[in-house]
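As a plain string of letters, each chain reads:
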Amino acid sequence: MKYSLANIKKSRFYLNKNECVAIPTETVYGLAANAYSEKATIKIYRLKKRSKKNPLIVHYYDLNMLKNDCEINNNFIKLYKNFCPGPITFVLKLKKGSKISKNVTNNKRTLAVRFPKHPYTRKLLKIINYPLAAPSANISKGLSPISKEDVKDEFNKKIKFILDGGRSKVGIESTIVNLTNKPEILRLGGIEIKKIKKVLKKNIKFKRINKNVVVPGQLKIHYSPGIPIRLNVNKPKLNEAFMLINKRKKSGKNYYYLSKRSNLKEAAKNLYKTLRMIKKKNFKTIAVEKIPNKGFGQAINDRLMRASKY
Ligand code: TXA
Ligand code: MG
């Protein structure tokens, strides 16, 4: 993808007018709007058909502007220094006097924040004077987009502009860490838990269900391609799409490799892309080979489990 300052400025033009623009990030594409504007952020919910109870992640260029909106703590500083910009989201306490729209927080006293790594979006964040609220750029509960074409697939002509940044490198969403109290993982994603543990030098758990916040990434049905998925399958049925991570001697037209060398990071990167491709080929069901529940495999399994509840 060729760098285009003109396209970045075009994104700014629409954002300044309180419109939504799709932006590339290293994890997945986001549907962005001015996080300080009620008028702009309400449009995100309408376009995504998202429940207003689900708060949004806000994207910043760096610490400077964040300090107006959040209380910062030591755990945050450690993780920020190690992983940012990068695929990690922090839940922090909202600062009194912050200009963040009530639509973003669902009136709660916490805020999820992230510092995306994609250079085009970083440039965009640098030349605007507000942070960007941006959930994944898909209709609620569906597959996250990892390219401009995927975003078009989701919204057709309903959004003003898509900033094309090529294919997302990580391919699954950011890891979410709650730092408002004792650190805990709310969503598995682009940074493995073991890396976070190493930096914080303490055990940190993945808390699947959080009673205090509604996290759609934690809903039972989510990340769904809209067709049934069967997990831990060794042999697919006839006419069933088959997703694999281990290379087999025999292959079929219905075989879709997430990785041919059992590499879980590569498999995570290819997950949404492959599910979307299978959906387009009109298969009626998807079978998935057993995926080891470690590292990125955990994040893949978590998403497949929710997708399989369809
Ligand atoms: O990689 C990502 O994080 C992508 C890119 C675009 O940045 N964004 C993304 O946003 O995945 P979304 O909205 O699809 O998922 C964000 C999750 C939701 O499950 C939301 O409920 C949760 O973060 N969330 C937002 N604010 C929260 C808060 N204050 N406390 C707990 N969870 C929160
Ligand atoms: Mg999402």
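Residues numbered from 1 in each chain as written. Chains lettered and ligands numbered in written order. Predicted model: local features only at pLDDT ≥ 70, side-chain atom pairs only at ≥ 80, totals over all residues. Heavy atoms only, no water.

On to the overall build of the protein, then. Helix and strand content of the protein: 10 helices and 13 strands. Taking 2.2 N^0.38 as the reference for a compact globule, 310 residues should give roughly 19 Å; the C-alpha atoms of the protein span a radius of gyration of 19 Å, in line with that estimate. Considering only C-alpha atoms, the protein reaches an extent of 60 × 45 × 35 Å along its principal axes. Across the 310 residues of the protein, 57% fall into the buried class. Of all intrachain contacts in the protein linking residues separated by at least 6 positions in sequence, the fraction that spans at least 24 positions is 67%. For the protein, the accessible surface area stands at approximately 15200 Å², while carbon and sulfur atoms represent 50% of it. Put simply, the protein has 72 plus and 18 minus side-chain charges, and the middle of one group is 2 Å from the middle of the other. (Helix = DSSP H or I, 4+ residues; strand = E, 2+ residues; numbered from the N terminus. Rg over C-alpha atoms; globule rule 2.2 N^0.38 Å. Buried < 20%, exposed > 50% of the residue type's maximum accessible area, 1.4 Å probe, protein only. Contact = heavy atoms within 4.5 Å. Areas by Shrake-Rupley, 256 points an atom, 1.4 Å probe, with all protein chains shown as cover. Lys, Arg positive; Asp, Glu negative; His and termini not counted. Charge placed at Lys NZ, Arg CZ, Asp CG, Glu CD.)

A word on the layout of surface pockets. Space inside the second largest pocket adds up to approximately 580 Å³. As for the second largest pocket, its lining consists of 25 residues, and the residues nearest its centre are Glu 26, Pro 87, Lys 117, Lys 169 and Val 170. Within the residue set of the lining of the second largest pocket, elements represented by two or more residues are helix 6 (119-127) and helix 9 (264-280). Broken down by element, the residue count for the lining of the second largest pocket peaks at three residues, all from helix 9. Here the residues of the lining of the second largest pocket sort into nine nonpolar, seven polar and nine charged. (1 Å grid on protein atoms, 1.4 Å probe; cavity = no way out; pocket = protein on both sides within 12 Å on 5 of 7 lines; lining within 4 Å. Points joined across faces, edges and corners; volume = space filled by probe spheres on them. Nonpolar A, V, L, I, M, F, W, Y, C, P; charged D, E, K, R; others polar.)

The next subject is the environment of Lys 309. One can find Lys 309 in the segment after helix 10 (296-308). Judged by its relative accessible area of 43%, Lys 309 is partly exposed. For the pair Lys 309 and Lys 95, spaced 214 residues apart in sequence, the C-alpha to C-alpha distance is 38 Å.

For the coordinates displayed, the defined rule picks out 13 salt bridges. With a closest N to O distance of 3.3 Å, Arg 261 and Glu 266 form a salt bridge. What you see here is one network of salt bridges that share partners, running through Asp 150, Asp 153, Glu 154, Arg 276 and Lys 280. (Salt bridge = Lys/Arg side-chain N within 4 Å of Asp/Glu carboxyl O.)

Once that is clear, we can look at the side chain of Ser 136. Residue position: Ser 136 is located in the loop between strand 6 (132-133) and helix 7 (148-155). Judged by relative accessible area, Ser 136 falls into the buried class, the value being 18%. Engagement of the side chain of Ser 136 in a polar contact is seen with the side chain of Asn 138, the distance being 2.6 Å. Other than its neighbours up to four places away in sequence, Ser 136 contacts Val 28, Tyr 29, Gly 30, Leu 31, Lys 48 and Ser 144. (Polar contact = N/O pair within 3.5 Å; in protein donor to acceptor, adjacent residues only side chain to side chain.)

Here we come to a positive patch on the surface. A grouping of Lys 117, Arg 167, Lys 169, Lys 269 and Lys 273 is seen on the molecular surface, where their side chains present a positively charged patch. In this structure Lys 273 comes out as partly exposed when scored by relative accessible area, which is 34%. (Patch = residues over 30% accessible without salt bridge, like charges linked within 9 Å, V, L, I, M, F, W, Y side chains within 5 Å.)

Inspection of the entire model under this criterion finds one cavity of 30 Å³ or more. There is about 30 Å³ of room inside the largest cavity. Taken together, Leu 231, Asn 232, Val 288, Glu 289, Lys 290, Ile 291, Asn 301 and Leu 304 make up the full set of residues lining the largest cavity. Class assignment for the residues of the lining of the largest cavity results in four nonpolar, two polar and two charged.

Moving on, we get to the pairing of strand 9 (residues 184-187). As defined by bridge partners, strand 8 (residues 175-178) adjoins strand 9 across three bridges and the pair is classed as antiparallel. Bridging from a neighbouring strand, Ile 176 pairs with Arg 187 of strand 9. Between strand 8 and strand 9, which follow one another and run antiparallel, lie five residues. (Pairing = 2+ DSSP bridges.)

Moving on, we come to the packing of aromatic side chains. In the structure shown here, the tally under the stated rule is 11 aromatic pairs. Their ring planes at 85° and their centres at 4.9 Å tell us that Phe 76 and Phe 90 sit as a pair that is edge-to-face. Note that Phe 76 is positioned in helix 4 (residues 74-83) and Phe 90 in strand 4 (residues 88-93), a separation of 14 residues in sequence. Accessibility assignment for this pair places Phe 76 and Phe 90 in one class, buried. Among the aromatic residues, those joined into a cluster by ring pairs are Tyr 60, Phe 76, Tyr 80, Phe 90 and Phe 115. (Phe/Tyr/Trp six-rings, centres within 6.5 Å; stacked < 30°, edge-to-face > 60°.)

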